[in-house]
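Understanding the architecture of this molecule
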Amino acid sequence: SFAAFGMGSLLFNRLKTPLLNPLLFAIICCIAFVEGGVISFEKFLEKSHAIFEDTVAELFEYYKEIRAERGFDKKKNKFFPEVSDINEFKTMIELSGVFVPESDAFDERAVFLTFECSWDTENGVEVHIFDEQVAEMGEQQIEI
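Below, the structure is looked at part by part.

Cut-offs applied
Residues numbered from 1 in each chain as written. Predicted model: local features only at pLDDT ≥ 70, side-chain atom pairs only at ≥ 80, totals over all residues. Heavy atoms only, no water. Helix = DSSP H or I, 4+ residues; strand = E, 2+ residues; numbered from the N terminus. Buried < 20%, exposed > 50% of the residue type's maximum accessible area, 1.4 Å probe, protein only. Areas by Shrake-Rupley, 256 points an atom, 1.4 Å probe, with all protein chains shown as cover. Expected span 1.5 Å × (residues − 1).

1. Some thoughts on the overall build of the protein chain
The number of helices and strands found in the protein chain is four helices and five strands. Starting at the N terminus and ending at the C terminus, the protein chain contains elements arranged as β-α-α-α-α-β-β-β-β. Burial analysis of the protein chain (144 residues in total) assigns 43% to the buried set. When the accessible surface of the protein chain is split by element, carbon and sulfur atoms take 49% of a total near 8,100 Å².

2. Things to note about helix α3 (residues 48–69)
Over its 22 residues, α3 extends 31 Å from the first C-alpha to the last, a length consistent with the 32 Å expected when each residue adds 1.5 Å. Along α3, the residues classified as buried are Ser48, Ile51, Phe52, Thr55, Val56, Leu59, Phe60, Tyr62, Tyr63, Ile66 and Arg67.

Scope: geometric values only; no functional claims are made or implied.
Structure (structure tokens):
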């Protein structure tokens, strides 16, 4: 479970932050973390640029897979356009949240990212990062 600014968790919600910034805005918001949450977040900040590069690459592959699964690789759809360049893909996503779960919620250091995306404006995409590695992604499940 997550809590906004309490219970050892932190929620950055609806921040209009450039996608590949090293998330320096987070330092301002480091309030009451339990020890494990601080460690997760500090490790995440140390490697944030590389994490975001990996996340964007993984999201791009995820987008291409979903597009193919839904048959839009064979027929045109305005919500799932063909995108051949990762820089073009970056214009289709926007970081909307950074969540640090309570330290005892997972065995690994965990940080979850949520993105607004042009192909699923209702749900968006959620990315789970464990020990500074992209572990899984899918339709957003975190309620914001």
